[in-house]
Amino acid sequence: MSQRTLDDPLAAAREALERHAWREAFDLLSKADAERGLSAADFELLGEAAWWSGEMDACIAARERAYALHLEAGEIGRAGRVALALVRDHSGRLAQAQSNTWFTRAERLLEKDPDAVEHGYLEVMRARRAHLATDYDRAVEVAGRAVDTGARFGDPNLQALGLMYQGMGRVGRGEVEEGLALLDEATVAAVGGELSPHITGIVYCNMISTCQELAEYRRAGEWTEAAKRWCERQAISGFPGLCRVHRAEIIRLRGAWAEAEEEAKRACTELMDHGLPAFAADGFYEVGEIRLRMGDMASAEAAFQQANELGRDPQPGLAMLRMAQGNVDAAAALLRRSLEETAEPLMRVQRLAAHVEVAIAAGDLDTAEGAATELEGIAERYGSDALHASAAIARARVLVERGEADPAVRSARRGLEVWRALDAPYEA
């Protein structure tokens, strides 16, 4: 132990945070708290170090203490920002009642300080909620106010978050080119090192996630590699796990299934260790998709069930597993229910493609026709190559069943050309 650490553990902890030595900083700050207590600002640092170290109970406890001390000192804005961090923390742990309570507390608190920059972060949280509710017009509107607030206060983190939700909202309502341009702007700030590590990771992961929802796999692959390089430069382990899930999906698409499974399993471990089951669910689903392609049905089912237990709809993967097991009726029922519960067009894409396959296996050509037609409409609206490829293959399957061989071949060839260009051997 260095003399400086003995003489001034707080200074050593701050230096460790600068180096992104999260565990070292967490241990030093915990020791300082036990010996002399911490200020509100230091509790915020302890919360950050705990978050990156996977100590979510300690993270929440530190932020709650920071909130109380800021409130006691009359620092309304700082208390409001910590409250909003607790909204995210509890949401990631699937503790929605506590998350909602902290959100209401932040709203009421910030009403007392109408000029605080934290109002911009409140708008970001409102944009997030609107986006999750597929209210894209509201998401774009309130995210725009966050951008304006960030510009007024010179806060690049706030501006980037606002641009990100503006971009996601515009993509959601079909303005794909404009939305991706806004996401690019936010991500450039992340690449340039202008943002904090936490905000950088949020922007990266939402950019990659949006690309994958659009089936913009080439673009998603580029940003995934950029995110990996950023994590390596900053000595950050996968932010933790979130970017790794997206990377696993891209590796799977390229056909390297064993590597993709290892990446997805690491993501699950990191995310569960960090107390983020809502995000780990996506990792378990990805493991299921990979194992299904490898023919390991028992392991695929276990992974899909884990995803389901953590709150993630395991479709269409579980339905395709049931069809592979010969239970077409169960597969059809699972997809019907999932589609009834899924309104967002981009979230319906993979389910619709699977629905075509299952409906044909069940001899229900009218349902397959309807699913293929809806898939073509979504591809036309959002315009990515991979969406058009999925739609073309779905249409070809229907045409084959209807005995229209020539147009089926032409449609299948269109899909094949795109999947080859995207280096997706399994789909090809």
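Just above, that's the structure.
Treat the numbers as computed from the prediction; the structure is a model and nothing was measured. (Residues numbered from 1 in each chain as written. Predicted model: local features only at pLDDT ≥ 70, side-chain atom pairs only at ≥ 80, totals over all residues. Heavy atoms only, no water.)

Colleague: Looking at this structure, I do not really get the nonpolar core. What am I missing?
Modeller: Burial of nonpolar side chains together is a common tendency in soluble globular proteins. Grouped together as the largest cluster of nonpolar side chains are 139 residues, with contacts concentrated most on Met-164, Val-203, Tyr-204, Val-356 and Trp-419. Once you skip the residues sitting within four places of it in the chain, Met-164 turns out to touch Leu-183, Ala-186, Ile-202, Val-203 and Asn-206. (Core = buried A, V, L, I, M, F, W, Y, C linked by side-chain atoms within 4.5 Å. Buried < 20%, exposed > 50% of the residue type's maximum accessible area, 1.4 Å probe, protein only. Contact = heavy atoms within 4.5 Å.)

Colleague: Would you mind showing me how to read the side chain of Thr-187 here?
Modeller: Mapped onto the fold, Thr-187 is located in helix H11 (residues 176–191). Residues contacting Thr-187, with those up to four places away along its chain left out, are Val-203, Tyr-204, Met-207 and Trp-223. (Helix = DSSP H or I, 4+ residues; strand = E, 2+ residues; numbered from the N terminus.)

Colleague: Whenever I open this one, helix H14 (residues 242–253) confuses me. Can you help?
Modeller: Spacing of three or four residues puts side chains on the same side of an α-helix, whose turn is 3.6 residues. Here H14 spans 18 Å end to end across twelve residues, near enough to the 16 Å set by a 1.5 Å rise per residue. Its buried side turned inward, H14 meets helix H12 (197–213), helix H13 (217–233), helix H15 (257–273), helix H16 (277–293), helix H20 (345–361) and helix H23 (405–421). (Expected span 1.5 Å × (residues − 1).)

Colleague: Before we go on, may I ask you to explain the pattern of salt bridges in this structure?
Modeller: A side chain of one charge can pair with a side chain of the opposite charge when the charged atoms of the two come close. This model, assessed by the stated rule, comprises 36 salt bridges. The shortest N-O distance in the salt bridge between Asp-42 and Arg-14 comes to 3.0 Å. Residue Asp-42 is found in helix H4 (residues 40–52), and its partner Arg-14 is found in helix H2 (residues 9–18); the two are separated by 28 residues along the sequence. Arg-14 sits in the partly exposed class, given a relative accessible area of 38%. Arg-23 is paired through a salt bridge with Glu-55; the nearest N and O atoms lie 2.9 Å apart. In this pair, Arg-23 sits in helix H3 (residues 22–36) while Glu-55 sits in the loop between H4 and helix H5 (56–72), placing the two residues 32 residues apart along the sequence. Given the relative accessible area of 38%, Arg-23 is considered partly exposed. By relative accessible area, which is 29% here, Glu-55 ends up partly exposed. Because the salt bridges share partners, they merge into one network encompassing Glu-107, Glu-123, Arg-126, Glu-141 and Arg-145. (Salt bridge = Lys/Arg side-chain N within 4 Å of Asp/Glu carboxyl O.)

Colleague: Whenever I open this one, the environment of Leu-28 confuses me. Can you help?
Modeller: Residue position: Leu-28 is located in helix H3. We classify Leu-28 as buried; its relative accessible area is 9%. Sequence separation between Leu-28 and Asp-8 is 20 residues; the distance between their C-alpha atoms is 9.7 Å.

Colleague: Which parts of the structure should I look at to understand the packing of H20 against helix H22 (residues 385–401)?
Modeller: Between two packed helices, both the angle of their axes relative to each other and the distance between the axes serve to describe the pair. One can describe the packing of H20 onto H22 by two numbers: an axis separation of 10 Å at closest approach and a directional angle of 20°. Here H22 runs roughly parallel to H20, going by the angle between their axes. When the axes of H20 and H22 are compared, the crossing they make is left-handed. Residue-level contacts link Leu-346, Val-349, Val-356, Glu-357 and Ile-360 of H20 to Leu-387, Ala-394, Arg-397, Val-398 and Glu-401 of H22. Looking at the contact of H20 with H22 residue by residue, the class counts come to seven nonpolar, no polar and three charged. (Axes fitted to C-alpha atoms, helices over the stretch in contact; angles between N-to-C directions. Parallel < 35°, antiparallel > 145°, perpendicular 65-115°, else oblique. Left-handed = near helix turned anticlockwise from the far one by under 90°. Nonpolar A, V, L, I, M, F, W, Y, C, P; charged D, E, K, R; others polar.)

Colleague: What is the right way to read the side chain of His-246 from this model?
Modeller: Topologically, His-246 is positioned in helix H14. Of the residues examined, His-246 reaches a relative accessible area of 15% and is grouped as buried. Not counting the four nearest positions on each side in its chain, His-246 is found in contact with Cys-205, Ile-208, Ser-209 and Gln-212.

Colleague: So what exactly am I meant to see when it comes to the packing of H11 against H13 here?
Modeller: H13 packs onto H11 with a crossing angle of 20° between their chain directions and a minimal axis gap of 11 Å. The angle between H11 and H13 falls in the class roughly parallel. For the pair H11 and H13, the crossing hand works out as left-handed. Residues Leu-180, Asp-184, Thr-187, Ala-190 and Val-191 of H11 form the contact with H13, whose own contacting residues are Arg-219, Trp-223, Trp-230 and Arg-233. Residue classes in the contact of H11 with H13 are distributed as five nonpolar, one polar and three charged.

Colleague: How should I be thinking about the packing of aromatic side chains in this particular structure?
Modeller: Each aromatic ring pair is characterised by the separation of its centres together with the angle its planes make. The full count for this structure, using the stated rule, is six aromatic pairs. Between the aromatic rings of Tyr-217 and Trp-419, the centroid separation amounts to 6.5 Å while the plane-to-plane angle is 35°, which identifies the pairing as tilted. Taken together, the residues Tyr-217 in helix H13 and Trp-419 in helix H23 connect sequence positions 202 residues apart. As far as burial versus exposure is concerned, Tyr-217 and Trp-419 are alike and both buried. An aromatic cluster of three or more residues is present, and its members are Trp-22, Trp-51 and Trp-52. Note that Arg-129 overlies the ring of Phe-103, its terminal NZ or CZ placed 3.9 Å from the centroid. Across the ring face of Tyr-285, the terminal group of Arg-312 is positioned such that the distance to the ring centre comes to 3.8 Å. (Phe/Tyr/Trp six-rings, centres within 6.5 Å; stacked < 30°, edge-to-face > 60°. Lys NZ or Arg CZ within 6 Å of the ring centre and 35° of its normal.)

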